[in-house]
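# Survey of secondary and tertiary structure
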Amino acid sequence: MTRPFVLLVVAKAPVPGLAKTRLCPPATPAQAAEIAAAALLDTLDAVCAVPGAAPVVAMTGNLGAAARSADIGGALRRVTVVPQRGWDFGARLANAHADAAAVHAGLPVLQIGMDTPQVTPESLAEAVAPVLHSGHDSVLGPAVDGGWWALGLAEPRHAQVLAGVPMSRADTGERTRQALRSCGLRPQTAPCLSDVDTMADARAVAAACPDGRFARAVAAAAGRVVA
């Protein structure tokens, strides 16, 4: 029998001009928002197909103004949605874990973002396995850029350490690992993935998942970009 756990996605409404701005240029704001929307939709498909997962999305932003708003609204009906809250990204992450734990008390949590649309149900199950099946207290999935893409916790209360970690830096992954160790945890390491910040990242990730919405959105943007 598959052990239940929370699969928490921290997401931002893909509003043109506010989403994936580092893709611009060469992408336009509208193209960047389409790429972000596709990434979120592909991620939600994978999340909802993981055996034993109780999907929760911590959401921020105006979905009504977002690219593919109707599709995203439909996808969110399959999950529990909680609003993000906090003064900075680290605090919002910590609070998202707390809110997910309040909805599903007593369950371990695996948290990801919407910037790794190459994830599959199998890769997500693999990432959380050390916590679910091997008795480890935590797992951290490093990202190629020095950050991290996944955090699994046997006890979600330990996510409070994220509030003190500077985010979106080249050393965020190592700082997060140190913060987890500082509260007595021994984080295992999940496979390293590339997340999507730049158009070069987007092309590389699209090549890793060529059959999804994300790859089609990246290809469509590339076809409209003027060299």
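Rules of the game
- Residues numbered from 1 in each chain as written.
- Predicted model: local features only at pLDDT ≥ 70, side-chain atom pairs only at ≥ 80, totals over all residues.
- Heavy atoms only, no water.
- Salt bridge = Lys/Arg side-chain N within 4 Å of Asp/Glu carboxyl O.
- Helix = DSSP H or I, 4+ residues; strand = E, 2+ residues; numbered from the N terminus.
- Buried < 20%, exposed > 50% of the residue type's maximum accessible area, 1.4 Å probe, protein only.
- 1 Å grid on protein atoms, 1.4 Å probe; cavity = no way out; pocket = protein on both sides within 12 Å on 5 of 7 lines; lining within 4 Å.
- Points joined across faces, edges and corners; volume = space filled by probe spheres on them.
- Nonpolar A, V, L, I, M, F, W, Y, C, P; charged D, E, K, R; others polar.

As annotated in an unreviewed UniProt entry, the chain carries the name DUF2064 domain-containing protein and is attributed to Amycolatopsis melonis.

The full count for this structure, using the stated rule, is nine salt bridges. Between glutamate 34 and arginine 68 there is a salt bridge whose closest N-O contact spans 3.0 Å. On the criterion of sequence distance, the pair formed by glutamate 34 in helix H1 (residues 29–48) and arginine 68 in the loop between strand S2 (53–60) and helix H2 (69–76) is long-range, its members being 34 residues apart. Judged by relative accessible area, which is 26%, arginine 68 ranks as partly exposed. Ionic pairing is found between arginine 169 and aspartate 171, a salt bridge with its closest N-O pair at 3.0 Å.

Let's shift gears to the layout of surface pockets. A volume near 940 Å³ is recorded for the largest pocket. In terms of lining, the largest pocket is formed by 32 residues, of which the most central are Lys20, Phe89, Asp115, Ser168 and Asp197. Elements that contribute at least two residues to the lining of the largest pocket include exactly strand S1 (5–12), helix H3 (89–103), strand S4 (109–112) and strand S6 (148–153). Along the lines of polarity and charge, the residues of the lining of the largest pocket split into 14 nonpolar, nine polar and nine charged. Considered as a void within the structure, the second largest pocket measures approximately 150 Å³ in volume. Grouping the constituent residues of the lining of the second largest pocket by class yields five nonpolar, three polar and three charged.

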